[in-house]
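# Descriptive structure summary
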Amino acid sequence: MISISTVKNITWTAIDLISYPLIMILATPFFIRELGPEQYGLWMLINVVVQLMNALNFGVGDSTIKEVSKYNAIQFSNQIQVAFNRNIALSILLMFMCILLGLVLSMAIPYWKLLKIPDYEMNNAMFVLVLFSASAGLKFIEQVFVSVFKGFQRFDISSRLTMVSRLSILIAAIIVVYFGYGLLVIVKVTLVINCLNLVLQAFTIYHVIKLRFAIRKLNHPDLSLILKSNGWYWLQSVIALIGFLSDRLIIGSLTDLKTVGYYSIAALIGSQIHNVLLTFGSFVFPKVSALTALNKSLSNIYLNSRVFIAGLGWFIISFLFISGDLIFEKWLGPETFKFSIEYMKIYLSFIALMVLNIIPFHFINGSEKLKLNSIFELILRSSLIISMLIGFYLNGVIGLLWGLVLATLINTPIQYYLFHKLIIGIKQIQHAFLPLLPVIFIIILGQLDNMIYKLLFFGLFVGSFWYIYIKMSNIQISALLKRRIEFEDK
């Protein structure tokens, strides 16, 4: 029977995950219309540069979740306090590093002409970049605050806090643009609201979790421990972040701001779907960490969680492929739709493939084999960048997008085989390739115009998903449980 706390966790997480992407997506045509495609493209391009600064996070969020959940499972409350204070001190240090990096980039970008920003926009854009860097630095502290609740499996509280944080910033941006102001006022308001949200989060931690704030100077032993516990989380996040944003950096460096703006619409829709599923998948992270600490089997939770995450993502993407033309044109307007629809279809195909990596990602992070994620991310992201550059050379932005799809399609079965073998204990090679069959049908579906053919491939997707993910998973669960019982009897 599902507990009340689980229902609360799922409910509030769902509200948080749906509300922000929904408002952000609905507001996109408004931002494009009021700011113009070029200004919107500039905003999105600066956002990409700022998001890259998250590479400095040094795993403060993931390591906080893992340490809190682990020490809570074995009831070491003092170690929770130590880990919390250590990561708070680290997050403050990272905030100042982020601001410094923003200052350096504001001088380097115009000097070396790293991005295609017009000269008349450059000074204002670089000032906005510095302020956005300060705002991004505050998010490191927020990561630690919110992750504490996730570590205690209080996703209901963490979801409410992140929802308030994200929605307050987004709604403020809508109000600012509505009254005719531009990027500079948006970033100033964002900075103030981020500070207020940190105060709210700190107050909640103190009164709900009862953790004490004792910020101290990081000494050499602290830094050594941080490197040991956070290092692999940090490395994988750096690789993933640079790889995930590299497409927009390439386009921002080789095309113009209008193209960046239209491409950003596709990236917005795809990344929001991916982020929602990634956060839903994070439910398993503390559970895997706790089960690993207690030396219990992971197979059951793995097979069930991948059905939920993959199914949810693929049915959303299939719906957009079948009815998306009508929805997107009504949402964006004829002109913006015309210049962005092809980008959206191919980018959603890429996201459909990336859905396959979400549950393995969280399982590896919750296990003791953290370096496996870093290796996987390095190989995947390197191949993505190479494929994108080749694709752009052959066929511009469209070629770049197909490069993303092709590289992911080649990498996924290799990584699945290794993940199954090293983490779950499944060694049969067919289990590395079969999970790709439903997503191949979805990719084909997305490129078709004829509705009859679309429905045909949707049916093939549903049938293959049921057989591979539901029926075969049930068989696999039974077999694994039987082997476990026989082993325990011996």
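Whatever comes next refers back to the structure up there.
Not measured: the values here are computed from a predicted model.

Our focus in this paragraph is the overall build of the protein. Counting secondary structure elements, the protein contains 17 helices and zero strands. Compactness check: the protein gives a C-alpha radius of gyration of 23 Å against a globular reference of 23 Å for 490 residues, within 12% of the reference. Considering only C-alpha atoms, the protein reaches an extent of 75 × 65 × 40 Å along its principal axes. Per-residue burial for the protein yields a buried fraction of 57% across its 490 residues.

The contact between helix α4 (residues 77-112) and helix α5 (residues 119-151) brings their axes to 9 Å, and the two run at 165°. The angle between α4 and α5 falls in the class roughly antiparallel. α4 and α5 meet at a crossing whose hand is right-handed.

In an α-helix there are 3.6 residues to a turn, and that puts residues three or four apart on one side. With 21 residues, helix α12 (residues 334-354) should reach 30 Å at 1.5 Å per residue; the first-to-last C-alpha distance of 29 Å fits that figure. Along α12, the sharpest kink reaches roughly 50°, centred on S340. In terms of burial, α12 is largely enclosed, as 16 of its 21 residues are buried.

Glancing now at the side chain of S147. Tracing the backbone shows S147 in helix α5. Overall, S147 belongs to the buried group, its relative accessible area being 6%. In this structure the side chain of S147 is engaged in a polar contact, spanning 3.2 Å, whose partner is the backbone oxygen of G61. Apart from residues lying up to four places away in sequence, S147 is in contact with G61, T64 and I65.

Moving on, we get to a nonpolar patch on the surface. A cluster of nonpolar side chains, namely I171, I175, Y178, F179 and Y181, defines an oily patch on the protein surface of about 580 Å² accessible area. Topologically, I175 is positioned in helix α6 (residues 155-178).

For the rest of this paragraph, the subject is empty space enclosed by the protein. Overall, the coordinates contain seven cavities of 30 Å³ or more when judged by the stated rule. If you add up the space inside the second largest cavity, you get close to 130 Å³. In terms of lining, the second largest cavity is formed by N357, P360, F361, I364, N373, F376, E377, L380, Q415, Y416 and F419. Of all the elements in the fold, those that place two or more residues in the lining of the second largest cavity are α13 (358-366) and α14 (370-424). Looking at the lining of the second largest cavity, the element that brings in the most residues is α14, giving seven residues. Looking at the lining of the second largest cavity, its residues break down into seven nonpolar, three polar and one charged.

Before going further, it helps to examine the pattern of salt bridges. In the structure shown here, the tally under the stated rule is ten salt bridges. One salt bridge in this structure joins D156 and R160, with 3.3 Å as the shortest N-O distance. One end of the pair, D156, and the other, R160, are both in helix α6, four residues apart, so they sit about a helical turn from each other. Relative accessible area serves as the criterion here: at 1%, D156 is assigned to the buried category. In this structure R160 comes out as partly exposed when scored by relative accessible area, which is 32%. Put simply, R248 and D247 hold a salt bridge, and the shortest N to O gap is 3.3 Å.

Attention shifts here to unusual backbone geometry. Backbone geometry places K113, a non-glycine residue, at a positive phi of 55°. Within the secondary structure, K113 is located in the loop between α4 and α5. For K113, a relative accessible area of 54% translates into the label exposed.

The next thing to look at is the nonpolar core. Grouped together as the largest cluster of nonpolar side chains are 146 residues, with contacts concentrated most on F31, W43, Y263, W314 and Y347. For this core, the element with the highest residue contribution is α14, accounting for 17 residues. Excluding residues within four positions of it along the chain, Y263 makes contact with D247, R248, I251, Y343, Y347, V397, L400, L401 and L404. Counting six residues, the second-largest nonpolar core is a separate cluster that includes A55, V238, L241 and L245.

Moving on, we come to the packing of aromatic side chains. Taken as a whole, this structure holds 23 aromatic pairs when the rule is applied. Ring centres of Y262 and F339 lie 5.3 Å apart, and the angle between their planes is 20°; this geometry places the pair in the stacked category. Of this pair, Y262 sits in helix α9 (residues 257-281) while F339 sits in helix α12, and the two are 77 residues apart along the sequence. Overall, Y262 belongs to the buried group, its relative accessible area being 10%. The exposure class of F339 is partly exposed, given its relative accessible area of 39%. Between W314 and Y469, the ring centres sit 5.4 Å apart and the planes meet at 90°, which makes this aromatic pair edge-to-face.

Further remarks concern the environment of L254. Along the chain, L254 turns up in helix α8 (residues 220-254). Given the relative accessible area of 47%, L254 is considered partly exposed. For L254, the contacting residues outside a window of four places in its chain are K116 and F392.

Cut-offs applied
- Residues numbered from 1 in each chain as written.
- Predicted model: local features only at pLDDT ≥ 70, side-chain atom pairs only at ≥ 80, totals over all residues.
- Heavy atoms only, no water.
- Helix = DSSP H or I, 4+ residues; strand = E, 2+ residues; numbered from the N terminus.
- Rg over C-alpha atoms; globule rule 2.2 N^0.38 Å.
- Buried < 20%, exposed > 50% of the residue type's maximum accessible area, 1.4 Å probe, protein only.
- Axes fitted to C-alpha atoms, helices over the stretch in contact; angles between N-to-C directions.
- Parallel < 35°, antiparallel > 145°, perpendicular 65-115°, else oblique.
- Left-handed = near helix turned anticlockwise from the far one by under 90°.
- Expected span 1.5 Å × (residues − 1).
- Bend = angle between axes of the 7 residues up to and from the residue.
- Polar contact = N/O pair within 3.5 Å; in protein donor to acceptor, adjacent residues only side chain to side chain.
- Contact = heavy atoms within 4.5 Å.
- Patch = residues over 30% accessible without salt bridge, like charges linked within 9 Å, V, L, I, M, F, W, Y side chains within 5 Å.
- Areas by Shrake-Rupley, 256 points an atom, 1.4 Å probe, with all protein chains shown as cover.
- Salt bridge = Lys/Arg side-chain N within 4 Å of Asp/Glu carboxyl O.
- 1 Å grid on protein atoms, 1.4 Å probe; cavity = no way out; pocket = protein on both sides within 12 Å on 5 of 7 lines; lining within 4 Å.
- Points joined across faces, edges and corners; volume = space filled by probe spheres on them.
- Nonpolar A, V, L, I, M, F, W, Y, C, P; charged D, E, K, R; others polar.
- Core = buried A, V, L, I, M, F, W, Y, C linked by side-chain atoms within 4.5 Å.
- Phe/Tyr/Trp six-rings, centres within 6.5 Å; stacked < 30°, edge-to-face > 60°.

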